[in-house]
Amino acid sequence: MEWFSEIDCLSPKVPPLHFGQKNRGKLKVGTKVFDGQFEDLDKFVPNNLTRRQVTSKFSSLFDPMGKLIPATSVMKVHLRKVVKDTWSWDDPIGYANRQLWIKNFWRIYNFQGMMFKRAVIPEDAADTKLHLIAAGDAAQVKISGVWGRFLRKNGTYSCQLMLGRSLLGNENSTIAKEELESITVTSNLNWVVTNAMDGWDYDYILLSDSVIAICWVLSEDKRLSIFHRNRCNQVRMHTDVKKIMHVRSEYNPSDTGSRPDKVQDEDVGPDSAWEKGLPWMRESIEKAIDNEILKPGTEIKLVGSEEDDFDKGCIIEKDIDVIVKGHSVQENRVYHWDKIGRAHV
(Lines give C-alpha, C1' and ligand atoms only; values in the text may rest on other atoms or scores of the structure.)
Protein backbone atom coordinates (compact mmCIF):
# COMPACT_ATOMS: atom_id res chain seq x y z
CA MET A 1 0.00 0.00 0.00
CA GLU A 2 1.46 3.34 -1.07
CA TRP A 3 0.60 6.67 0.57
CA PHE A 4 0.66 9.79 -1.58
CA SER A 5 1.11 12.49 1.07
CA GLU A 6 0.46 15.47 -1.23
CA ILE A 7 -3.12 14.36 -1.93
CA ASP A 8 -3.44 12.19 1.22
CA CYS A 9 -4.51 9.08 -0.70
CA LEU A 10 -3.67 5.38 -0.51
CA SER A 11 -3.09 3.11 -3.48
CA PRO A 12 -2.75 -0.70 -3.37
CA LYS A 13 0.47 -1.90 -4.97
CA VAL A 14 -0.37 -3.54 -8.29
CA PRO A 15 2.69 -4.59 -10.33
CA PRO A 16 2.73 -4.42 -14.16
CA LEU A 17 1.09 -7.36 -15.91
CA HIS A 18 3.70 -9.59 -17.56
CA PHE A 19 4.61 -13.26 -17.89
CA GLY A 20 8.38 -12.94 -17.86
CA GLN A 21 10.93 -13.72 -15.17
CA LYS A 22 12.79 -11.51 -12.73
CA ASN A 23 16.46 -11.45 -11.86
CA ARG A 24 17.29 -9.98 -8.46
CA GLY A 25 13.91 -8.27 -8.34
CA LYS A 26 14.13 -6.76 -11.83
CA LEU A 27 12.47 -7.86 -15.04
CA LYS A 28 14.73 -9.40 -17.63
CA VAL A 29 15.53 -7.21 -20.60
CA GLY A 30 13.01 -7.70 -23.40
CA THR A 31 10.10 -8.81 -21.18
CA LYS A 32 6.80 -7.64 -22.63
CA VAL A 33 4.51 -5.71 -20.27
CA PHE A 34 0.82 -5.46 -21.11
CA ASP A 35 -0.53 -2.05 -22.09
CA GLY A 36 -3.64 -2.17 -24.22
CA GLN A 37 -7.35 -2.93 -24.43
CA PHE A 38 -9.31 -5.95 -23.22
CA GLU A 39 -9.36 -7.35 -26.77
CA ASP A 40 -5.55 -7.38 -26.76
CA LEU A 41 -5.33 -9.34 -23.52
CA ASP A 42 -6.39 -12.68 -25.05
CA LYS A 43 -3.37 -12.54 -27.38
CA PHE A 44 -1.03 -11.39 -24.60
CA VAL A 45 -1.91 -14.17 -22.13
CA PRO A 46 -0.07 -17.44 -22.93
CA ASN A 47 -2.22 -20.14 -24.52
CA ASN A 48 -0.72 -22.68 -22.10
CA LEU A 49 -1.37 -20.59 -19.01
CA THR A 50 -0.25 -22.58 -15.96
CA ARG A 51 -1.33 -22.78 -12.35
CA ARG A 52 2.02 -21.28 -11.30
CA GLN A 53 1.51 -18.20 -13.49
CA VAL A 54 -2.05 -17.64 -12.30
CA THR A 55 -1.07 -17.98 -8.64
CA SER A 56 1.90 -15.65 -9.15
CA LYS A 57 -0.23 -12.89 -10.69
CA PHE A 58 -2.87 -13.16 -7.96
CA SER A 59 -0.33 -13.26 -5.13
CA SER A 60 1.43 -10.16 -6.48
CA LEU A 61 -1.48 -7.98 -5.28
CA PHE A 62 -0.63 -6.23 -2.00
CA ASP A 63 -3.82 -5.03 -0.35
CA PRO A 64 -3.38 -5.03 3.46
CA MET A 65 -6.37 -2.74 4.03
CA GLY A 66 -8.79 -4.90 2.03
CA LYS A 67 -9.78 -2.20 -0.46
CA LEU A 68 -10.01 -4.72 -3.31
CA ILE A 69 -11.76 -7.50 -1.38
CA PRO A 70 -14.88 -7.88 -3.61
CA ALA A 71 -12.67 -8.57 -6.64
CA THR A 72 -9.92 -10.58 -4.93
CA SER A 73 -12.51 -12.83 -3.26
CA VAL A 74 -13.75 -13.76 -6.74
CA MET A 75 -10.19 -14.54 -7.76
CA LYS A 76 -9.80 -16.86 -4.78
CA VAL A 77 -12.79 -18.90 -5.97
CA HIS A 78 -11.39 -18.99 -9.50
CA LEU A 79 -7.96 -20.02 -8.18
CA ARG A 80 -9.61 -22.91 -6.35
CA LYS A 81 -11.05 -24.03 -9.70
CA VAL A 82 -7.59 -23.86 -11.25
CA VAL A 83 -6.12 -26.04 -8.51
CA LYS A 84 -8.86 -28.62 -9.06
CA ASP A 85 -8.27 -28.48 -12.81
CA THR A 86 -4.52 -29.21 -12.65
CA TRP A 87 -2.22 -31.81 -11.11
CA SER A 88 0.98 -29.80 -10.75
CA TRP A 89 2.16 -26.20 -10.73
CA ASP A 90 3.25 -26.21 -14.35
CA ASP A 91 0.20 -27.92 -15.85
CA PRO A 92 -1.77 -25.74 -18.30
CA ILE A 93 -5.25 -24.82 -17.13
CA GLY A 94 -8.41 -25.55 -19.14
CA TYR A 95 -10.01 -23.20 -21.65
CA ALA A 96 -12.90 -22.18 -19.35
CA ASN A 97 -10.55 -21.29 -16.50
CA ARG A 98 -8.28 -19.40 -18.87
CA GLN A 99 -11.22 -17.25 -19.97
CA LEU A 100 -12.05 -16.53 -16.30
CA TRP A 101 -8.50 -15.44 -15.62
CA ILE A 102 -8.30 -13.23 -18.68
CA LYS A 103 -11.17 -11.27 -17.10
CA ASN A 104 -9.36 -11.31 -13.75
CA PHE A 105 -6.13 -10.05 -15.35
CA TRP A 106 -8.10 -7.20 -16.90
CA ARG A 107 -9.42 -6.28 -13.45
CA ILE A 108 -5.91 -6.41 -12.01
CA TYR A 109 -4.66 -4.20 -14.83
CA ASN A 110 -7.39 -1.63 -14.08
CA PHE A 111 -6.42 -1.62 -10.40
CA GLN A 112 -3.16 0.10 -11.30
CA GLY A 113 -3.17 3.66 -9.99
CA MET A 114 -6.51 3.32 -8.20
CA MET A 115 -6.61 5.82 -5.31
CA PHE A 116 -8.51 5.67 -2.02
CA LYS A 117 -8.87 8.46 0.49
CA ARG A 118 -7.73 7.71 4.01
CA ALA A 119 -10.38 7.19 6.67
CA VAL A 120 -10.17 10.50 8.56
CA ILE A 121 -12.33 12.65 10.80
CA PRO A 122 -14.43 14.90 8.50
CA GLU A 123 -14.09 18.66 8.82
CA ASP A 124 -17.76 19.02 9.79
CA ALA A 125 -17.65 16.33 12.50
CA ALA A 126 -19.85 17.06 15.53
CA ASP A 127 -17.39 15.26 17.82
CA THR A 128 -14.46 12.86 17.70
CA LYS A 129 -16.29 9.71 18.80
CA LEU A 130 -15.68 6.85 16.39
CA HIS A 131 -18.64 4.61 15.57
CA LEU A 132 -17.65 1.23 14.12
CA ILE A 133 -19.82 -1.14 12.09
CA ALA A 134 -18.33 -4.64 11.74
CA ALA A 135 -20.22 -6.86 9.29
CA GLY A 136 -19.68 -10.36 7.95
CA ASP A 137 -21.29 -12.70 5.45
CA ALA A 138 -20.62 -16.17 4.07
CA ALA A 139 -21.44 -18.02 0.86
CA GLN A 140 -18.71 -19.28 -1.45
CA VAL A 141 -16.42 -16.84 0.34
CA LYS A 142 -16.49 -15.48 3.87
CA ILE A 143 -16.28 -11.67 3.82
CA SER A 144 -15.69 -9.39 6.79
CA GLY A 145 -15.26 -5.64 6.98
CA VAL A 146 -15.09 -2.83 9.54
CA TRP A 147 -16.38 0.62 8.65
CA GLY A 148 -15.63 3.77 10.65
CA ARG A 149 -18.19 6.55 11.08
CA PHE A 150 -18.25 10.03 12.60
CA LEU A 151 -21.35 12.05 13.41
CA ARG A 152 -21.60 15.17 11.25
CA LYS A 153 -23.12 18.48 12.34
CA ASN A 154 -26.08 17.95 9.96
CA GLY A 155 -27.07 14.76 11.82
CA THR A 156 -25.77 12.25 9.26
CA TYR A 157 -22.61 10.14 9.52
CA SER A 158 -19.48 9.85 7.45
CA CYS A 159 -18.67 6.25 6.55
CA GLN A 160 -15.57 4.59 5.16
CA LEU A 161 -13.97 1.15 5.14
CA MET A 162 -11.15 0.76 7.64
CA LEU A 163 -10.21 -2.89 7.23
CA GLY A 164 -11.49 -5.87 5.23
CA ARG A 165 -10.67 -9.55 4.88
CA SER A 166 -11.91 -12.58 2.93
CA LEU A 167 -11.54 -16.32 3.35
CA LEU A 168 -12.55 -19.16 1.07
CA GLY A 169 -15.60 -21.06 2.25
CA ASN A 170 -15.55 -24.73 3.19
CA GLU A 171 -17.29 -26.63 0.40
CA ASN A 172 -18.16 -29.51 2.75
CA SER A 173 -19.74 -27.35 5.43
CA THR A 174 -23.23 -25.93 5.90
CA ILE A 175 -24.25 -22.31 5.37
CA ALA A 176 -25.09 -21.90 9.08
CA LYS A 177 -21.64 -23.14 10.16
CA GLU A 178 -19.97 -20.92 7.59
CA GLU A 179 -21.96 -17.95 8.88
CA LEU A 180 -20.80 -18.75 12.42
CA GLU A 181 -17.19 -18.74 11.22
CA SER A 182 -17.89 -15.45 9.46
CA ILE A 183 -19.10 -13.90 12.73
CA THR A 184 -15.92 -15.17 14.41
CA VAL A 185 -13.69 -13.64 11.73
CA THR A 186 -15.64 -10.38 11.93
CA SER A 187 -15.33 -10.27 15.71
CA ASN A 188 -11.57 -10.84 15.46
CA LEU A 189 -11.25 -8.15 12.78
CA ASN A 190 -13.21 -5.69 14.90
CA TRP A 191 -10.92 -6.49 17.83
CA VAL A 192 -7.87 -5.67 15.68
CA VAL A 193 -9.36 -2.27 14.82
CA THR A 194 -10.51 -1.41 18.35
CA ASN A 195 -7.18 -2.55 19.77
CA ALA A 196 -5.47 -0.09 17.41
CA MET A 197 -7.87 2.64 18.61
CA ASP A 198 -6.51 2.51 22.15
CA GLY A 199 -7.21 5.85 23.81
CA TRP A 200 -10.00 6.76 21.37
CA ASP A 201 -13.62 7.28 22.32
CA TYR A 202 -15.45 4.67 20.25
CA ASP A 203 -18.48 2.41 20.07
CA TYR A 204 -19.27 -0.51 17.79
CA ILE A 205 -21.86 -3.01 16.59
CA LEU A 206 -21.32 -6.42 15.00
CA LEU A 207 -23.67 -7.50 12.20
CA SER A 208 -24.65 -10.82 10.63
CA ASP A 209 -27.56 -11.83 8.42
CA SER A 210 -27.72 -15.34 9.91
CA VAL A 211 -30.34 -15.77 12.63
CA ILE A 212 -29.09 -19.27 13.46
CA ALA A 213 -25.45 -18.23 13.89
CA ILE A 214 -26.41 -15.29 16.12
CA CYS A 215 -28.58 -17.57 18.29
CA TRP A 216 -25.66 -19.98 18.68
CA VAL A 217 -23.46 -17.12 19.92
CA LEU A 218 -26.11 -15.84 22.33
CA SER A 219 -27.10 -19.29 23.61
CA GLU A 220 -26.32 -19.87 27.29
CA ASP A 221 -28.60 -22.80 28.18
CA LYS A 222 -27.83 -25.21 25.32
CA ARG A 223 -24.82 -27.52 25.24
CA LEU A 224 -23.09 -26.71 21.95
CA SER A 225 -20.78 -29.06 20.06
CA ILE A 226 -17.03 -28.43 20.20
CA PHE A 227 -16.97 -26.75 16.77
CA HIS A 228 -19.75 -24.34 17.69
CA ARG A 229 -18.70 -23.78 21.30
CA ASN A 230 -15.11 -22.84 20.42
CA ARG A 231 -16.23 -20.24 17.89
CA CYS A 232 -18.95 -18.82 20.13
CA ASN A 233 -16.44 -18.48 22.98
CA GLN A 234 -14.06 -16.68 20.62
CA VAL A 235 -16.77 -14.19 19.66
CA ARG A 236 -17.79 -13.63 23.28
CA MET A 237 -14.17 -13.04 24.27
CA HIS A 238 -13.85 -10.04 21.93
CA THR A 239 -17.43 -8.81 21.56
CA ASP A 240 -20.13 -7.66 23.95
CA VAL A 241 -23.14 -9.81 23.01
CA LYS A 242 -25.39 -6.78 23.46
CA LYS A 243 -23.61 -5.23 20.46
CA ILE A 244 -24.52 -8.11 18.12
CA MET A 245 -27.34 -7.33 15.67
CA HIS A 246 -29.09 -9.03 12.79
CA VAL A 247 -29.05 -7.24 9.43
CA ARG A 248 -31.26 -8.08 6.48
CA SER A 249 -29.20 -9.67 3.70
CA GLU A 250 -29.89 -6.97 1.12
CA TYR A 251 -28.52 -4.36 3.55
CA ASN A 252 -25.40 -6.28 4.56
CA PRO A 253 -22.32 -4.41 3.21
CA SER A 254 -20.28 -7.63 3.34
CA ASP A 255 -22.70 -9.36 0.99
CA THR A 256 -20.66 -7.79 -1.83
CA GLY A 257 -18.06 -10.33 -2.89
CA SER A 258 -19.43 -13.36 -1.06
CA ARG A 259 -21.16 -14.44 -4.29
CA PRO A 260 -18.57 -14.24 -7.10
CA ASP A 261 -21.12 -14.42 -9.93
CA LYS A 262 -22.70 -11.13 -8.80
CA VAL A 263 -19.52 -9.04 -8.43
CA GLN A 264 -19.23 -6.19 -10.93
CA ASP A 265 -16.33 -3.84 -11.75
CA GLU A 266 -18.11 -0.97 -9.99
CA ASP A 267 -18.08 -2.95 -6.71
CA VAL A 268 -14.43 -1.94 -6.26
CA GLY A 269 -13.27 1.65 -6.16
CA PRO A 270 -13.17 4.85 -4.11
CA ASP A 271 -16.92 5.46 -4.55
CA SER A 272 -18.11 1.85 -4.27
CA ALA A 273 -20.53 0.54 -1.64
CA TRP A 274 -17.70 -1.59 -0.23
CA GLU A 275 -15.55 1.49 0.36
CA LYS A 276 -18.23 4.03 1.33
CA GLY A 277 -20.82 1.73 2.90
CA LEU A 278 -24.53 1.51 2.10
CA PRO A 279 -26.89 4.52 2.45
CA TRP A 280 -28.36 3.33 5.77
CA MET A 281 -24.85 3.34 7.28
CA ARG A 282 -24.81 7.14 6.99
CA GLU A 283 -27.83 7.39 9.25
CA SER A 284 -28.22 6.60 12.95
CA ILE A 285 -28.46 3.03 14.21
CA GLU A 286 -31.78 3.87 15.83
CA LYS A 287 -33.20 4.84 12.44
CA ALA A 288 -31.96 1.58 10.92
CA ILE A 289 -33.74 -0.34 13.70
CA ASP A 290 -36.95 1.65 13.15
CA ASN A 291 -36.77 0.87 9.41
CA GLU A 292 -36.33 -2.85 10.25
CA ILE A 293 -32.91 -2.98 8.62
CA LEU A 294 -31.28 -3.96 11.90
CA LYS A 295 -32.61 -5.91 14.83
CA PRO A 296 -30.85 -6.46 18.17
CA GLY A 297 -29.68 -10.05 18.54
CA THR A 298 -31.42 -10.40 21.88
CA GLU A 299 -34.79 -9.82 20.18
CA ILE A 300 -34.57 -12.32 17.32
CA LYS A 301 -36.40 -15.65 17.45
CA LEU A 302 -36.05 -18.89 15.53
CA VAL A 303 -38.98 -19.96 13.40
CA GLY A 304 -39.80 -23.11 11.43
CA SER A 305 -36.81 -25.00 10.03
CA GLU A 306 -34.40 -22.60 11.74
CA GLU A 307 -35.01 -24.40 15.02
CA ASP A 308 -33.95 -27.72 13.44
CA ASP A 309 -30.79 -26.15 12.03
CA PHE A 310 -30.04 -24.58 15.41
CA ASP A 311 -30.32 -27.98 17.14
CA LYS A 312 -27.68 -29.39 14.79
CA GLY A 313 -25.12 -27.36 16.68
CA CYS A 314 -26.19 -28.72 20.06
CA ILE A 315 -25.30 -31.89 21.96
CA ILE A 316 -28.49 -33.88 22.34
CA GLU A 317 -29.34 -36.86 24.53
CA LYS A 318 -27.03 -39.76 23.70
CA ASP A 319 -27.20 -43.47 24.30
CA ILE A 320 -24.64 -45.07 26.63
CA ASP A 321 -23.14 -47.03 23.73
CA VAL A 322 -22.54 -43.78 21.87
CA ILE A 323 -20.92 -42.10 24.86
CA VAL A 324 -18.40 -44.88 25.57
CA LYS A 325 -17.96 -45.63 21.82
CA GLY A 326 -18.36 -49.37 22.34
CA HIS A 327 -15.70 -49.76 25.05
CA SER A 328 -16.38 -51.92 28.08
CA VAL A 329 -16.44 -49.89 31.30
CA GLN A 330 -17.37 -50.60 34.89
CA GLU A 331 -21.02 -49.95 35.64
CA ASN A 332 -20.26 -47.56 38.49
CA ARG A 333 -18.18 -45.39 36.15
CA VAL A 334 -20.76 -45.01 33.43
CA TYR A 335 -22.37 -41.60 33.21
CA HIS A 336 -26.10 -41.55 32.62
CA TRP A 337 -27.61 -38.60 30.81
CA ASP A 338 -30.89 -36.98 31.55
CA LYS A 339 -33.07 -35.22 29.00
CA ILE A 340 -31.42 -31.82 29.28
CA GLY A 341 -27.93 -33.12 28.82
CA ARG A 342 -26.57 -32.87 32.38
CA ALA A 343 -24.53 -35.81 33.68
CA HIS A 344 -24.82 -37.52 37.04
CA VAL A 345 -23.44 -40.75 38.47
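Basis of the calculations
Counting of residues starts from 1 at the beginning of each chain's written sequence and follows it residue by residue. Only residues with pLDDT of at least 70 are given local features in this predicted model, and only at 80 or more are side-chain atom pairs given and counted; all residues enter the totals for whole chains, interfaces and linings. Side-chain calculation: all heavy atoms of the structure are included, whereas hydrogens and water are not. The rule is simple: take the accessible area with a 1.4 Å probe, protein chains only, and divide by the maximum for that residue type; under 20% is buried, over 50% is exposed, in between is partly exposed. The helix and strand labels rest on DSSP assignments: H or I over at least four residues marks a helix, E over at least two residues marks a strand, and numbering proceeds from the N terminus. The contact rule is simple, with two residues in contact once any of their heavy atoms fall within 4.5 Å. Whether two strands pair depends on DSSP finding at least two bridges between them. Here, axes are lines fitted to C-alpha atoms. For helices the fit covers the stretch in contact, and angles between N-to-C directions go from 0 to 180 degrees.

## Focus on helix 6 (residues 211-218)
Helical geometry: 3.6 residues make up each α-helical turn, so side chains three or four residues apart lie on a common side.
Phase 1 of the analysis: Of all 8 residues making up helix 6, 8 are buried, and the element is well covered by its neighbours.
Phase 2 of the analysis: Residues of helix 6 that are buried include every one of Val211, Ile212, Ala213, Ile214, Cys215, Trp216, Val217 and Leu218, and no others.
Phase 3 of the analysis: Along its buried surface, helix 6 packs onto helix 5 (175-196), strand 9 (202-208), helix 7 (226-238), strand 10 (244-247) and helix 10 (305-311).

## Focus on the sheet that holds strand 1 (residues 2-4)
Phase 1 of the analysis: An order of 1-2-5 is seen for the 3 strands of this open sheet, with the pairing classed as antiparallel. Looking along the sheet, the strands with just one partner apiece sit at the ends: strand 1 and strand 5 (116-117).
Phase 2 of the analysis: With 3 bridges joining them, strand 1 and strand 2 (residues 9-11) adopt antiparallel strand pairing. Looking at the pairing, Glu2 lines up with Ser11 of strand 2.

## Describing the sheet that holds strand 6 (residues 130-138)
Phase 1 of the analysis: Judged by pairing direction, the sheet is mixed, and its 6 strands sit side by side in the order 8-7-6-9-10-11 without closing on themselves. Of all the strands in the sheet, just strand 8 (157-168) and strand 11 (294-296) have a single pairing partner and so form its edges. Geometrically, the sheet is characterised by an average inter-axis angle of 25 degrees between neighbouring strands, direction not taken into account.
Phase 2 of the analysis: Relative to strand 8, strand 7 (residues 141-151) runs antiparallel, the two being bridged by 11 bridges. Looking across to strand 8, one finds that Phe150 is bridged to Ser158.
Phase 3 of the analysis: Together, strand 6, strand 7, strand 8 and strand 9 form the strand contacts of helix 5, whose direction differs from that of strand 6 by roughly 155 degrees.

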